[in-house]
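The lines below spell out each chain.
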Amino acid sequence: MRIVHAARTDIGMKRDNNEDNYLVLPEEGLFAVFDGMGGHAAGEVASRLAVETVLSWWRSGGFGAAHQRLRAAARAANVAVFDAGHDTGRRGMGSTLTALTLAGREVAIAHAGDSRAYLVRSGQAAQLTADHSRVGEMLRMRLITAEQAARHPARSMLTRSLGTEPMVQIDLVRQAAELGDVFVLCSDGLWDSVARGEIAQLAGGGGEDEARTPAAAAASLIELALKRDAPDNVTVAVIRLLAHGPAQGRRLFRRRGA
């Protein structure tokens, strides 16, 4: 399939620095969003180190199936962030990871934390990942409602992330893909301000002649989050699958301060 994509990040309305990050390698079919944590710039260090490790491991991680290589890269990033967290001023730092790769007629997603992956198809958005947070666990156990979760004081408390433990369980999601599918990867700064139905509407899910491009979709999603005074950093990657042909776009990952 041919991939068209766009990725954007914004500091948000109330933060002093951007601890989010993203990785986009369209020619290699790899896309990822990271949300660092730790304070005093440690979160930015954690997410950047996770990006660098995933990138390096992906390019030298052997000849296994794509989903196996993706999970191995995520585990390597966990070790790298955990080891770096022993330095003074960086103790307890960590990062979420939601990474997607295209493998034939399916996508594989590696996931830890509360960043999310959505599939937009036929005008509907389906969340493909589970939030590794206390509120996410309570929702799955039906102890609270979605309305209560949106206001819960523990909604940002993670139960799983890169770097907080020497080993981490990486969720692996495999999803059959169709032409015209749109995948949205985002940090909680986006989904906490923009509802799932709005993500479906703004990202679009039509065919190759759909008017809204991934670049326009990413810009609109960020803009809506900022209009709602997004209290956190906001990051999104929008990936659309089209007919066969070369990937569009160039390799990039977020520069410091972007």
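Heads up: the structure comes first, above all this text.
Residues numbered from 1 in each chain as written. Predicted model: local features only at pLDDT ≥ 70, side-chain atom pairs only at ≥ 80, totals over all residues. Heavy atoms only, no water.

A. Structural context of the overall build of the chain. In terms of helices and strands, the chain carries seven helices and 12 strands. The buried share of the chain, taken over its 258 residues, is 53%. Long-range pairs, those at least 24 residues apart, make up 71% of the contacts in the chain with a sequence separation of at least 6. Working note: accessible area of the chain is about 11,800 Å², and carbon and sulfur atoms make up 49% of it. (Helix = DSSP H or I, 4+ residues; strand = E, 2+ residues; numbered from the N terminus. Buried < 20%, exposed > 50% of the residue type's maximum accessible area, 1.4 Å probe, protein only. Contact = heavy atoms within 4.5 Å. Areas by Shrake-Rupley, 256 points an atom, 1.4 Å probe, with all protein chains shown as cover.)

B. Just the pattern of salt bridges, in detail. Counted by the stated rule, this structure contains 10 salt bridges. For D232, the salt bridge identified is with R15, shortest N-O distance 3.4 Å. Of this pair, D232 sits in the loop between helix 7 (214–227) and strand 11 (234–242) while R15 sits in the loop between strand 1 (2–10) and strand 2 (20–25), placing them 217 residues apart in sequence. When its relative accessible area of 36% is taken as the criterion, R15 is described as partly exposed. (Salt bridge = Lys/Arg side-chain N within 4 Å of Asp/Glu carboxyl O.)

C. Region of the structure containing the packing of helix 6 (residues 196–203) against helix 7. At a minimum axis distance of 9 Å, the contact between helix 6 and helix 7 shows a crossing angle of 145°. Between helix 6 and helix 7 the crossing geometry is right-handed. Residue-level contacts link E198, I199, L202 and A203 of helix 6 to A217, S220, L221 and L224 of helix 7. Classifying every residue of the contact of helix 6 with helix 7 by side-chain character gives six nonpolar, one polar and one charged. (Axes fitted to C-alpha atoms, helices over the stretch in contact; angles between N-to-C directions. Left-handed = near helix turned anticlockwise from the far one by under 90°. Nonpolar A, V, L, I, M, F, W, Y, C, P; charged D, E, K, R; others polar.)

D. Spotlight on the sheet that holds strand 8 (residues 124–127). Spatially, the five strands line up as an open sheet ordered 1-11-10-7-8, and their pairing is antiparallel. Each end of this open sheet is capped by a strand with a single partner; those strands are strand 1 and strand 8. Here the average twist between neighbouring strands, direction ignored, is 20°. Inspection of the sheet shows strand 1 paired to strand 11 by nine bridges, in the antiparallel sense. (Pairing = 2+ DSSP bridges.)

E. How the structure looks around the nonpolar core. Ranked by size, the top nonpolar core spans 29 residues in total, and within it L23, F34 and L162 carry the most contacts. Within the residue set of this core, elements represented by two or more residues are strand 2, strand 3 (30–37), helix 1 (42–60), helix 2 (66–84), strand 5 (97–103) and strand 6 (106–112). Examining the composition of this core, we find that nine residues originate from one element, helix 1, more than from any other. Residues within four places of F34 in sequence aside, it is in contact with E19, D20, N21, Y22, L23, S47, A50, V51, V54, S95, T96 and L97. One finds A6, V182, A218 and L224 within the second-largest nonpolar core, a separate group that totals 24 residues. (Core = buried A, V, L, I, M, F, W, Y, C linked by side-chain atoms within 4.5 Å.)

F. Spatial organisation of unusual backbone geometry. Unlike most non-glycine residues, S122 shows phi in positive territory, near 55°. As for its position among the elements, S122 is in the loop between strand 7 (116–121) and strand 8. Using a relative accessible area of 66% as the deciding quantity, one classes S122 as exposed. Even without being glycine, D229 reaches a positive phi, approximately 60°. Residue position: D229 is located in the loop between helix 7 and strand 11.

G. Highlighting the pairing of strand 11. With nine of nine residues buried, strand 11 is to be regarded as a mostly interior element. On strand 11, burial covers both faces: V234, V236, V238, R240 and L242 on one face and T235, A237, I239 and L241 on the other are all buried. Alignment of strand 10 (residues 182–186) against strand 11, held across five bridges, turns out to be antiparallel. By the bridge assignment for strand 11, C186 is matched with V236.

H. Region of interest: the packing of aromatic side chains. As enumerated under the stated definition, the model contains zero aromatic pairs in all. One cation-aromatic arrangement involves R69 over W58; the distance from NZ or CZ to the ring centre is 4.1 Å. (Phe/Tyr/Trp six-rings, centres within 6.5 Å; stacked < 30°, edge-to-face > 60°. Lys NZ or Arg CZ within 6 Å of the ring centre and 35° of its normal.)

I. Main features of the environment of G36. Along the polypeptide, G36 turns up in strand 3. Separated by 12 residues in the primary sequence, G36 and R48 have C-alpha atoms spaced 8.2 Å apart. When neighbours within four sequence positions are excluded, G36 is seen to be in contact with E19, D20, G43, S47, G94 and S95.

J. Fine view of the environment of I222. Along the chain, I222 turns up in helix 7. Taking C-alpha positions, I222 is 7.4 Å from D10, a pair spaced 212 residues apart along the chain. Sequence-distant contacts of I222, that is, excluding residues within four places in its chain, are made with R8, D10, L190, V234, T235 and V236.

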